[in-house]
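Here are the chains, one letter per residue:
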Amino acid sequence: VVSTQSSVSSGINAEYGGGLVLANACGPCIGQWDRQDIEKNEKNTIVTSYNRNFTGRNDANPNTHGFVASPEIATALALAGTLNFNPETDSLLDKDGNPFMLDTPYGDELPATGFDPGQDTYQAPPADSSAVKVDVDPNSNRLELLTPFAAWDGQDYNDLQLLIKVKGKCTTDHISAAGPWLKFRGHLNNISNNFLITAVNAENGEMNSIKNVTSGEFGPVPGTARDYKANGIGWVVVGDENYGEGSSREHAALEPRHLGGKAIIVRSFARIHETNLKKQGMLPLTFADPADYEKVQPGDKVSIIGLTEFAPGVPLTCKLTHSDGSTDEFKLNHTFNENQIGWFKAGSALNKMADK
């Protein structure tokens, strides 16, 4: 796979060798490859020079085995049409059936004619944008205008509902899946239907199956979160180590806020995701004692105490009320500075900026 611009500039005819010419942008890297050569879920192998080969990452097919190689090796194997080809010792056949070998590749890191700057499509904003109106079709399922998140009400969070206790690894792909979902990246309500759908629920070891305490039934994570929001029930997510690692996508922080979440409490965070949550008015908190993760039980009510004196470096207190009426209390750490506390109180970083 090569990009359109690099193919044209270098004179490479990628399609001659069975290659696919794509735009010079994210595509297979985040699962947006509209692959047509195999059936969905068919077992197969690809060799790619893209920098991601997580399960299902390139083409949204969990049965695709992706191997990362250099562009030169990926090209050579594509020309040969087999993984058994060794470009150092094996030959190919030309259109007349004559054998030939590929030349040793070389890099032109500093092109003699310079790099192609591409087309400049920047449009400067007007000096006065107060009269500018953005028109979005209200029936669009791919675009919607954002509405500001509500500001903090000035009170501690009492009796929030545990939405899910996530077990094990939880990347931003688990929180907000890529692939076909990215066509909704301009529509927060629609893309929120992928929230935590591949995270493992510690209660039952299953994905996208959590208990709704209002109905007593198990259902999908996004649907349960929406039900809680519709009923005025704030909720929290509890997670394990390095929660939010991987791609630093903003939707992984926008979605829990949009669906009515108040806090994410984990053993540890990936730094960028932690900051993204702060920007959306969420509370990313960590167990002062990581072992306290084990105290969280299905159906727990979670209170976060100390927000009325919220200050940098001062831990908050978590009170768990279990289904049998018993309780546990422990400390929660945070990394908020004064400016970030302002984001939380305003409802989001954008709200804080709009207030200025």
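For the structure, check the block above.
Our subject in this report is the structure included herewith. What you see is a predicted model, and the numbers here were worked out from it, not measured in a lab. (Residues numbered from 1 in each chain as written. Predicted model: local features only at pLDDT ≥ 70, side-chain atom pairs only at ≥ 80, totals over all residues. Heavy atoms only, no water.)

1. Quick word on the overall build of the protein chain
To keep it simple, the criterion reads: Helix numbers and strand numbers start at the N terminus; a helix is a DSSP run of H or I with at least 4 residues, a strand a run of E with at least 2. A contact between two residues is defined here by any heavy atoms of the two lying within 4.5 Å. Note on areas: Shrake-Rupley, 1.4 Å probe, and residue coverage restricted to the protein chains presented here.
For the protein chain, the helix and strand inventory stands at 9 helices and 15 strands. With respect to the principal axes defined by its C-alpha atoms, the protein chain has extents near 80 × 55 × 40 Å. Long-range pairs, those at least 24 residues apart, make up 57% of the contacts in the protein chain between residues at least 6 apart in sequence. Taken as a whole, the protein chain presents about 20,200 Å² of accessible surface, with 51% of it coming from carbon and sulfur.

2. Description of the pairing of strand E11 (residues 261-266)
Let me state the cut-off plainly: Burial status follows relative accessibility: with a 1.4 Å probe on protein chains alone, a residue under 20% of its type maximum counts as buried, one over 50% as exposed, and anything between as partly exposed. Following DSSP output, two strands are said to pair if at least two bridges run between them. Orient the strands so they point away from the viewer; a crossover is then right-handed if the path from the first strand over the helix to the second runs clockwise.
The buried count for E11 comes to 5 of 6 residues, which makes it a mostly enclosed element. Across 5 bridges, the pairing between strand E10 (residues 235-239) and E11 is parallel. Bridging from a neighbouring strand, Trp 235 pairs with Gly 261 of E11. Regarding the hand of the β-α-β motif, the stretch spanning E10, helix H6 (residues 251-258) and E11 is right-handed. When E11 meets strand E12 (residues 283-287), the two strands line up parallel, connected through 4 bridges. The residue of E12 that forms the bridge with Ala 263 is Leu 283. The parallel pair E11 and E12, bridged by helix H7 (residues 271-279), forms a crossover whose chirality is right-handed.

3. Thoughts on the packing of aromatic side chains
How we decide: Aromatic pairing here means that ring centres of Phe, Tyr or Trp (its six-membered ring) are within 6.5 Å. Orientation follows from the plane angle: under 30 degrees is stacked, over 60 is edge-to-face, and everything else is tilted. Both a distance and an angle decide whether a charge sits over a ring: NZ of Lys or CZ of Arg must be within 6 Å of the ring centre and within 35 degrees of the ring normal.
Under the defined criterion, the tally for this structure stands at 9 aromatic pairs. On the numbers, 5.7 Å between centres and 50° between planes, the contact of Phe 287 with Phe 330 is tilted. A residue pair is termed long-range when its members are at least 10 positions apart, and Phe 287 in strand E12 and Phe 330 in strand E15 (residues 327-333) qualify at 43 residues. In this structure, Phe 287 and Phe 330 share a single accessibility class: buried. Here the basic side chain of Lys 165 rests over the ring of Tyr 293, its NZ or CZ set 4.3 Å away from the ring centre.

4. Here's the deal with H6
Among the 8 residues that make up H6, 8 are buried, leaving the element largely enclosed by the rest of the structure. Those residues of H6 not exposed but buried are His 251, Ala 252, Ala 253, Leu 254, Glu 255, Pro 256, Arg 257 and His 258. Packing partners of the buried residues in H6 comprise helix H3 (172-175), helix H4 (188-191), helix H5 (221-230), E10, E11 and H7. Immediately downstream of H6, the backbone of Gly 260 shows phi near 100°, a positive value.

5. Details of the sheet that holds strand E7 (residues 157-165)
What counts, and what does not: Whenever a helix is involved, its axis is fitted only over the stretch in contact; in every case the axis is a line through C-alpha atoms, and angles between N-to-C directions fall within 0 to 180 degrees.
Strand order in the closed barrel formed by 7 strands is E7-E10-E11-E12-E15-E14-E13, and the pairing between neighbours is mixed. Across the sheet, the axes of successive neighbouring strands diverge by a mean angle of 35°, strand direction being ignored. Looking at chain direction, E7 and E10 are connected through 4 bridges and run parallel. Across the sheet, Lys 165 pairs through a bridge with Val 238, a residue of E10. Along the sheet face, H5 touches E7 and E10 and points at about 165° away from the line of E7.

6. Remarks on the nonpolar core
This is how the line gets drawn: Nonpolar core, defined: a set of buried Ala, Val, Leu, Ile, Met, Phe, Trp, Tyr and Cys residues in which side-chain atoms within 4.5 Å join the residues together.
Leu 283, Ile 304 and Leu 307 are the most contacted members of the largest nonpolar core, which totals 25 residues. Breaking this core down by element, the ones donating at least two residues are E7, E10, E11, E12, strand E13 (301-305), strand E14 (316-321), E15 and helix H8 (338-346). The next biggest cluster of nonpolar side chains, apart from the first, holds 23 residues, and it includes Leu 163, Ala 225, Trp 235 and Val 266.

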